[in-house]
Amino acid sequence: MNENQYMNIYSNTECHLSVLGDQPYPAFELRNIVRFLDQHEPQFSEKLLTHVGLNKLDLELASIPAYKVLAAMKLCAEQFGPILGARIGQTYEIKDLGVFGYAIASTQRLEQAIEMEGKYYPLLGNILKRSNTIKDHLMFETMINVQNIDQDAFSFFVALGNSARMQIARTIFGEDLSYHSVSFTFEDEAHRAEYEAIYGCPVEFNDKQNSWTIERIQFSRERKQHHYTDINEYLPYCNELIASLKQDSSLVNEIQQILISCAGDYPDIEMLASAFNVSSRTLRRQLANIGTSYQKILNKVRCQLSIEYLTRTEISIEAISSVIGFNDVTNFRHAFKKWVGQTPSYYRKTYQKKPAPLSV
């Protein structure tokens, strides 16, 4: 099987790439952060918007460049810690998520809502890689920082996301719903009691991974609100929104598509710059201005391709290493461990889906 056949396998997957640099990110996240700050820390709210170069009118747009959202989260984390994210998540309402929120609220059971979130998560912001497993009576979800986002910003995002997810779920499926456990890679022992009250479960700090679990018996919970229409009414709009995100023009998107099409024989920064009719110095500056770099984009593409091959095919790790541009499989293993926090073989064993038949 040659490299083009490998790329054909990849092109049939539902791979969602990064939210680096100037790529569009749903505006509701920053809108909700600012709404909370307006009520509790109005002076800091103004400072935050100035810091990211936005105003209140910008927050009404459908999307905002990803680097601005991440810069806002980093500033919030530095000032208040990740606990602020957990507090903000408690204020989320179904309407805040737009069409996706109403689609979730129209699902009949919690299991269906979880499946829908997994399918349409780009509409919620594609900052992290999520991996789900079922073991015994629990569902585990691990959140992996594959894009090497600043740790403060990432911790803030994870704390907020866990809180917002549970807040929305309780609104739909009952106030007594809770996680079984929540684990963080960061330390915030001073706020342990508050985290555990928000999530409704024990919280572990300084863990090896950011994750949460929920009891499978909760999957059968039925929605408590009955004024939403059938889920199928909203799905076409969700599909349209995802398509618009994929088509949204950005420098990072264009570079990613070029790298994906190269099947491991990646152009260097000088060759890319020529493709955009600018100097390599100018391209580096443009990427730096939106909070990223050529190497970060290349690493993300390689990482995401690796994950797709490991979980959706039976291609050997040595072959994956070669097809994504590594000359030595040992270097690939080290790089993957750095990206994901796990070895390729462990990741495949844990998360591999049953592969579709491949034509050779």
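Because the structure is predicted, anything quoted here is derived from the model rather than measured.

J.: Would you take a moment to explain the sheet that holds strand β4 (residues 138–144) for this structure?
T.: Whether parallel or antiparallel, the strands of a sheet pair through hydrogen bonds between backbone atoms. Across the sheet, five strands lie side by side as β3-β4-β7-β5-β6; this open sheet has mixed pairing. The sheet is open, and its two borders are formed by β3 (129–135) and β6 (203–204), each paired with just one other strand. Across three bridges, strand β5 (residues 181–183) lies against strand β7 (residues 210–215) in antiparallel orientation. Residue pairing in the sheet places Ser183 in a bridge with Ser211 of β7.

J.: I would appreciate a short explanation of the side chain of Ser183 in the present structure.
T.: Note on placement: Ser183 falls in strand β5. A distance of 3.1 Å separates a polar atom in the side chain of Ser183 from a polar atom in the side chain of Asp207. Once residues within four sequence positions are removed from consideration, Ser183 is found in contact with Glu204, Asp207, Gln209, Asn210 and Ser211.

J.: Help me understand helix α17 (residues 344–351) in this model?
T.: One full turn of an α-helix is made of 3.6 residues, so residues set three or four places apart face in the same direction. Buried residues of α17: Pro344, Tyr347, Arg348 and Tyr351, and no others. Each buried residue of α17 sits inside an arc of 100° when the element is viewed along its axis, so together they form one side. The inward-facing, buried residues of α17 contact β3, β4, α14 (294–312), α15 (317–323) and α16 (329–340).

J.: Can you walk me through the nonpolar core in this structure?
T.: Nonpolar side chains tend toward joint burial in soluble globular proteins. Counting 72 residues, the largest nonpolar core has Ile33, Tyr195 and Tyr199 as its most contacted members. Discounting residues that sit within four places of it in the chain, Tyr195 has contacts with Pro82, Ile83, Ala86, Ala159, Phe184, Phe186, Asp188, Val203 and Phe205. Core analysis: the next-biggest nonpolar cluster, separate from the first, contains 37 residues, Leu310, Phe332, Ala335 and Tyr351 among them.

J.: Explanation requested: the packing of aromatic side chains in the structure shown.
T.: The way to describe two aromatic rings as a pair is by their centre distance and the angle between their planes. The full count for this structure, using the stated rule, is 16 aromatic pairs. A centroid spacing of 6.2 Å and a plane angle of 20° characterise the contact between Phe184 and Phe205, whose relative ring orientation is stacked. With Phe184 in the loop between β5 and α9 (192–199) and Phe205 in the loop between β6 and β7, the pair connects residues that are 21 residues apart, well separated along the chain. Just as Phe184 is buried, Phe205 falls in that class too.

Parameters at a glance
Residues numbered from 1 in each chain as written. Predicted model: local features only at pLDDT ≥ 70, side-chain atom pairs only at ≥ 80, totals over all residues. Heavy atoms only, no water. Pairing = 2+ DSSP bridges. Helix = DSSP H or I, 4+ residues; strand = E, 2+ residues; numbered from the N terminus. Polar contact = N/O pair within 3.5 Å; in protein donor to acceptor, adjacent residues only side chain to side chain. Contact = heavy atoms within 4.5 Å. Buried < 20%, exposed > 50% of the residue type's maximum accessible area, 1.4 Å probe, protein only. Arc of directions from axis to C-beta. Core = buried A, V, L, I, M, F, W, Y, C linked by side-chain atoms within 4.5 Å. Phe/Tyr/Trp six-rings, centres within 6.5 Å; stacked < 30°, edge-to-face > 60°.

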